[in-house]
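# Remarks on the overall topology
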Amino acid sequence: MAADKSNREGESPNDDESGQFPPAGPEAFSSDPATGEPVEDGAFVEAEGPDVETPSEGALNDDDLSFLDAVSAGQADDLAAERLADLQRVTAEYANYRKRTEANREVERERTVGDVVKILLPVLDDLDRAEKHGDLAEGPFASIAAKLRAGVERLGLKPFGTTGEVFDPKEHEAIFQQPTPGVEVATIADVVETGYYLGSTLLRAAKVVVAVPNG
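Residues numbered from 1 in each chain as written. Predicted model: local features only at pLDDT ≥ 70, side-chain atom pairs only at ≥ 80, totals over all residues. Heavy atoms only, no water.

Test applied: UniProt positions are given in the numbering used here, feature names are shortened, and annotations may be inferred rather than shown by experiment.
In the annotation of an unreviewed UniProt entry, the chain is listed under the name Protein GrpE and assigned to Subtercola boreus. Taken from UniProt, the Sequence similarities (unreviewed entry) comment for the chain reads in full: "Belongs to the GrpE family." Its UniProt record gives the chain a comment under Subunit (unreviewed entry), which states: "Homodimer."

What follows is the structure, given as structure tokens:
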């Protein structure tokens, strides 16, 4: 009992069974968040990290604001002139593209219509011959001929080649030359087949008899 009492007297009142000192109070110690070791309160202060700005959605970057550098450097006029030149170039290219497209469309339309109208040219030639012989002076055929000619004219078909015109080798095909007194330049004496234009396209040259100067 004396030994037991002696042992008890040698123990510190703060010692627990594990041989470690218990904390003085419930808030006397804290844990280091980095190491996990117990640290007395007030021994450290949690450091705050540097402020980091995160770019918000849709924020402008340096490339977007690069034009401000040009303005601040006194290059605003040059930059505006360059942008204007680019706009004018694009506008001119688009205008040329539209012109080419419209011209190609018109050429294609004339070609398609021309293929159809060419089938009717022999019929128009027969009507011209009948008219020369007086067969279309009156009657139902005269009305039919007028309607057919009006229809092809609405498609853009234009006849040319009449007696007394000056001969033009670009439009007229001379099937016979007739020396004629008093004629100073080659002139159409008779039209064998009427020539036709479809829009600006020469569909068929006029076949003519040409009166030329005598000798």
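So that's the structure; there's more coming.
## Here's the deal with the overall build of the chain
Defined as follows: Secondary structure elements are defined from DSSP: runs of H or I of at least 4 residues count as helices, runs of E of at least 2 residues count as strands, and each element is numbered from the N terminus. Per-residue accessibility, obtained with a 1.4 Å probe over protein chains only, is compared with the maximum for each type, and a residue is labelled buried under 20%, exposed over 50%, and partly exposed between these values. The contact definition used throughout considers only heavy atoms, calling two residues in contact when any of these lie within 4.5 Å. Computed with a 1.4 Å probe, the accessible areas rest on the Shrake-Rupley method; for each residue, only the protein chains presented here act as cover.
Helices and strands together make up the secondary structure of the chain, namely four helices and eight strands. For the chain, the sequential pattern of α-helices and β-strands runs α-β-β-α-α-α-β-β-β-β-β-β. Split into buried and exposed, the 215 residues of the chain put 17% on the buried side. Here the contacts in the chain between residues at least 6 apart in sequence split such that 58% fall between residues at least 24 apart. In the form shown here, the chain has an accessible surface area of approximately 16,800 Å², with 54% of it arising from carbon and sulfur atoms.

## Quick look at the packing of aromatic side chains
We describe a pair of aromatic rings using the distance from one ring centre to the other and the angle between the two ring planes. Under the convention used in this document: Each pair of aromatic rings taken from Phe, Tyr and Trp, with Trp reduced to its six-membered ring, is defined by centres within 6.5 Å and is described as stacked if the planes are under 30 degrees apart, edge-to-face if over 60, and tilted in the remaining cases.
Within this structure, the stated rule accounts for one aromatic pair. Aromatic pair Phe160 and Tyr197: ring centres 5.0 Å apart, planes at 40 degrees, arrangement tilted. Here Tyr197 lies in strand S6 (residues 195-198) and Phe160 lies in strand S3 (residues 157-160), a separation of 37 residues in the sequence. A residue is classified by how much of its surface remains accessible, and Phe160, at 14% relative accessible area, is buried. Taking relative accessible area as the criterion, Tyr197 reaches 23% and is therefore assigned partly exposed.

## Considering the sheet that holds strand S7 (residues 201-204)
Just so we agree on the cut-off: The criterion for strand pairing is that DSSP finds at least two bridges linking the strands in question. All axes are obtained by fitting lines to C-alpha atoms, using only the stretch in contact for helices, and the reported angles, taken between N-to-C directions, cover 0 to 180 degrees.
Sheet architecture is open: three strands sit in the order S3-S6-S7, paired in antiparallel fashion. The sheet terminates laterally at S3 and S7, the two strands that pair on one side only. This sheet shows a mean twist of 35 degrees between the axes of neighbouring strands, independent of strand direction. Its contacts with the sheet place helix H3 (residues 76-132) against S3, S6 and S7, and it is angled at close to 40 degrees to S7.

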